[in-house]
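Below, each chain spelled out in residue letters.
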Amino acid sequence: MTGAATTYDDYFQRALDGLKADGSYRHFAELERQAGRFPKAYHHGMGREVTVWCSNDYLGMGQHPSVLSAMHASLDHSGAGAGGTRNISGTNHEHVELERELADLHGKEAALLFNSGYLSNWATLGTIAARMKDCVVLSDAANHASMIEGIRHSRAEKQIFRHNDVADLEARLKALPRDVPKIIAFESVYSMDGDIAPIEEICDLADRYGAMTYLDEVHAVGLYGHQGGGVAEQRGLSHRLSVIEGTLGKGFGVVGGYIAGSAALCDFVRSFASGFIFSTALPPMIAAGALASIRHLRGSQDERERHQARVAYLRAALDRAGIPHMDNPSHIVPVMVGDATRCRALSDLLLSRFGHYIQPINYPTVARGTERLRITPGPLHSTADIDDLVAALAALWQEQGMAAAA
Ligand code: PMP
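Conventions adopted
- Residues numbered from 1 in each chain as written.
- Predicted model: local features only at pLDDT ≥ 70, side-chain atom pairs only at ≥ 80, totals over all residues.
- Heavy atoms only, no water.
- UniProt positions renumbered as here; feature names shortened; annotations may be inferred.
- Near = heavy atom within 4 Å.
- Polar contact = N/O pair within 3.5 Å; in protein donor to acceptor, adjacent residues only side chain to side chain.
- Areas by Shrake-Rupley, 256 points an atom, 1.4 Å probe, with all protein chains shown as cover.
- 1 Å grid on protein atoms, 1.4 Å probe; cavity = no way out; pocket = protein on both sides within 12 Å on 5 of 7 lines; lining within 4 Å.
- Points joined across faces, edges and corners; volume = space filled by probe spheres on them.
- Helix = DSSP H or I, 4+ residues; strand = E, 2+ residues; numbered from the N terminus.
- Nonpolar A, V, L, I, M, F, W, Y, C, P; charged D, E, K, R; others polar.
- Core = buried A, V, L, I, M, F, W, Y, C linked by side-chain atoms within 4.5 Å.
- Buried < 20%, exposed > 50% of the residue type's maximum accessible area, 1.4 Å probe, protein only.
- Contact = heavy atoms within 4.5 Å.
- Pairing = 2+ DSSP bridges.
- Axes fitted to C-alpha atoms, helices over the stretch in contact; angles between N-to-C directions.
- Arc of directions from axis to C-beta.
- Right-handed = clockwise from strand over helix to strand, strands pointing away.
- pLDDT = per-residue confidence, 0-100.
- Domains from an automatic or database assignment.
- Buried area = accessible area lost by both parts, 1.4 Å probe.
- Salt bridge = Lys/Arg side-chain N within 4 Å of Asp/Glu carboxyl O.

- Per an unreviewed UniProt entry, the protein is named 5-aminolevulinate synthase, and its organism is Neoasaia chiangmaiensis.
- Here is the UniProt Sequence similarities (unreviewed entry) comment for the protein, exactly as written: "Belongs to the class-II pyridoxal-phosphate-dependent aminotransferase family."

## A short note on the site of the ligand
Phase 1 of the analysis: Taken together, 13 residues lie near the ligand, and Gly117, Tyr118, Asp216, His219 and Thr247 sit nearest.
Phase 2 of the analysis: Residue Asp216 places a side-chain N or O atom 2.7 Å away from a nitrogen atom belonging to the ligand.
Phase 3 of the analysis: In isolation the ligand exposes 390 Å². Once the protein is present, 81% of that is buried.

## Some points on the layout of surface pockets
Phase 1 of the analysis: Space inside the second largest pocket adds up to approximately 260 Å³.
Phase 2 of the analysis: Lining the second largest pocket we find 15 residues, and of these Arg86, Glu99, Leu112, Arg270 and Phe276 sit closest to its centre.
Phase 3 of the analysis: Among the elements of the structure, helix H3 (86-90), helix H4 (93-105), strand E4 (110-114), helix H10 (263-272) and helix H11 (274-277) are those that each provide at least two residues to the lining of the second largest pocket.
Phase 4 of the analysis: Of the residues forming the lining of the second largest pocket, the biggest block, four residues, is contributed by H10.
Phase 5 of the analysis: Partitioned by chemical class, the residues of the lining of the second largest pocket number seven nonpolar, two polar and six charged.

## Quick notes on the nonpolar core
Phase 1 of the analysis: Of all hydrophobic cores here, the largest spans 54 residues; its most connected members are Leu98, Leu102, Ile184, Phe186, Ile199 and Leu248.
Phase 2 of the analysis: Among residues more than four places away in sequence, those in contact with Leu98 are Leu113, Leu248, Ala287, Ala290, Leu291 and Ile294.
Phase 3 of the analysis: Core analysis: the next-biggest nonpolar cluster, separate from the first, contains 29 residues, Val52, Ile323, Cys343 and Ile358 among them.

## Quick notes on the UniProt feature "domain: Aminotransferase class I/classII large" (unreviewed entry) in the protein
Phase 1 of the analysis: The UniProt feature table records "domain: Aminotransferase class I/classII large" (unreviewed entry) at residues 49-393.
Phase 2 of the analysis: Annotated as 46% helix and 15% strand, the span residues 49-393 places its first and last C-alpha atoms 19 Å apart.

## Re the sheet that holds E4
Two modes of strand pairing occur in sheets, parallel and antiparallel, and in both the strands are linked by backbone hydrogen bonds.
Phase 1 of the analysis: In spatial order, the strands read E4-E10-E9-E8-E7-E5-E6; together these seven strands make up an open sheet with mixed pairing. In this open sheet, the two edge strands, each paired with only one partner strand, are E4 and strand E6 (157-161). Sheet twist, expressed as the average angle between the axes of neighbouring strands with direction ignored, equals 20°.
Phase 2 of the analysis: In terms of strand pairing, E4 meets strand E10 (residues 257-261) through five bridges, oriented antiparallel. Pairing of Ala110 across the sheet is with Gly261, part of E10.

## Examining helix H7 (residues 166-175)
Phase 1 of the analysis: Residues Asp168, Leu169 and Leu173 constitute the buried set of H7. Within H7, the buried residues cover an arc of 135° as seen down the axis, which keeps them to one side. When the buried face of H7 is taken as reference, the exposed residues oriented beyond 90 degrees from it are Ala167, Lys174 and Ala175.
Phase 2 of the analysis: For H7, the secondary structure elements touched by its buried residues are strand E5 (136-140), E6, strand E7 (182-187) and helix H8 (199-209).
Phase 3 of the analysis: Two or three places before Ala167, at the opening of H7, Asp165 has a side-chain oxygen 3.1 Å from that residue's backbone nitrogen.

## Section: the side chain of Ser238
Phase 1 of the analysis: You can see Ser238 is positioned in the loop between helix H9 (231-234) and strand E9 (243-247).
Phase 2 of the analysis: According to the relative accessible area criterion, Ser238 is buried, its value standing at 12%.
Phase 3 of the analysis: Within polar-contact distance, the side chain of Ser238 engages the backbone nitrogen of Glu233 at 3.4 Å.
Phase 4 of the analysis: Sequence-distant contacts of Ser238, defined by excluding residues within four places in its chain, comprise His106, Lys108, Ala232, Glu233 and Ile244.

## Some words on the pairing of strand E8 (residues 212-216)
Phase 1 of the analysis: Burial of E8 is extensive: five of the five residues sit out of reach of the surface.
Phase 2 of the analysis: Of the two faces of E8, the one holding Met212, Tyr214 and Asp216 and the one holding Thr213 and Leu215 are both buried throughout.
Phase 3 of the analysis: The pairing of E7 with E8 spans five bridges and is parallel. Counterpart to Ile184 in the pairing with E8 is Thr213.
Phase 4 of the analysis: Tracing the backbone out of E7, into H8 and back to the parallel element E8 gives a crossover that is right-handed.

## As for the confidence of the model for the protein
Low pLDDT marks stretches whose predicted atomic positions should not be read closely.
Phase 1 of the analysis: Here the protein averages 96 in pLDDT, and 99% of its residues register 70 or above.
Phase 2 of the analysis: Across the whole predicted complex the pTM is 0.97, and at the interface the ipTM reaches 0.99.

## Here we look at the domain arrangement of the protein
Phase 1 of the analysis: Partitioning the protein into domains gives domain 1 (27-56 + 301-400) and domain 2 (65-299).
Phase 2 of the analysis: Each of domain 1 and domain 2 has a C-alpha centre, and these two points are 28 Å apart.
Phase 3 of the analysis: The partner domain 2 presents 23 residues to the 19 residues of domain 1 that form the contact.
Phase 4 of the analysis: Both sides of the domain 1 and domain 2 interface together cover about 1,600 Å² of buried area, and 50% of this is carbon and sulfur.
Phase 5 of the analysis: Of all residues in domain 1, Asn56, Gln301 and Arg304 bury the most surface against domain 2, accounting for 37% of the area lost on that side.
Phase 6 of the analysis: At the boundary of domain 1 and domain 2, one finds one salt bridge.

Given below as structure tokens:
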């Protein structure tokens, strides 16, 4: 016997059966990443090496030699864990150095680390919106779950403005009393469509109506801007944002999240956010690895240039092959399928027959009818890898009788 909770297990199972019936049950691909081999990885289910096309380790920094050696050195020097919450013995020198680097990267007075990007959004928005009396949060309709949950947790009034719609945002701001605190929460690069927010216009509105701006740059830090400071840096707008939030787990290739902003704001979140206060700090080696990654990407254009070149190469090859993909100004290349069953079938065939791994993106992550293969080519994919992928997609497109792009 390993324990009995049959009554509740029945409940759990019914809920899972519901997910399976509507095609939204998630299956894990058991991968074995091998340092130095990315984007190749061993796929345990397939029993073979595959090419990974859906990783958010966008620049391959998770295996960069400078990151690995910083982590090895820190592990040997400091040991495995941080030893406590930040407040009770867990603040190591590496955390402090990393927070200084992040503040500097974004041109802000301060930064604050969290154990994930999810937590940084949830805890920061949840804390500020809850504690500022009468605060109203204006949230883009396409915002990530971590922001939505944080706002919900705050119990503050929330207004959802139409995605990237400055006119709708302005109408809502105009209708609110001038003297209530307001936060505009939005993203720079949106993760599923790869479109980019009108950051400057939103900052103009924030100035006009006295709102603070909260920008999630999770899919942009490391990737855009001369130093990898994100789209705000690229557009010369960092100084106009109240908070820039980012992750250390995607472009920077490690794990963790952060906010950068004024000293008062970061100290406020540090002092009041339970999701920050009551959780063991990231291991020092994680902070050391992230620091090495950020420093490398601040000084090197090579990864960003090769990244953009691969994205352009893939888009052109898809165009030549007539494979429909969403047009956007970012590195995210959504190949549109438009049907959940077909999307899963294509993903399965790409994997089993051609050794290309692209996780299907279905409802509820995207709206029904917009199911897709979200491809994120990186600087470590070769042009031969891309040619091979597009040939496989073209063969499947024809075989399945799917419509070519107009
Ligand atoms: N914001 C956005 C827009 C995201 O897509 C994600 C993760 N997919 C997060 C925040 C959370 O970041 P992390 O993975 O570091 O928890």
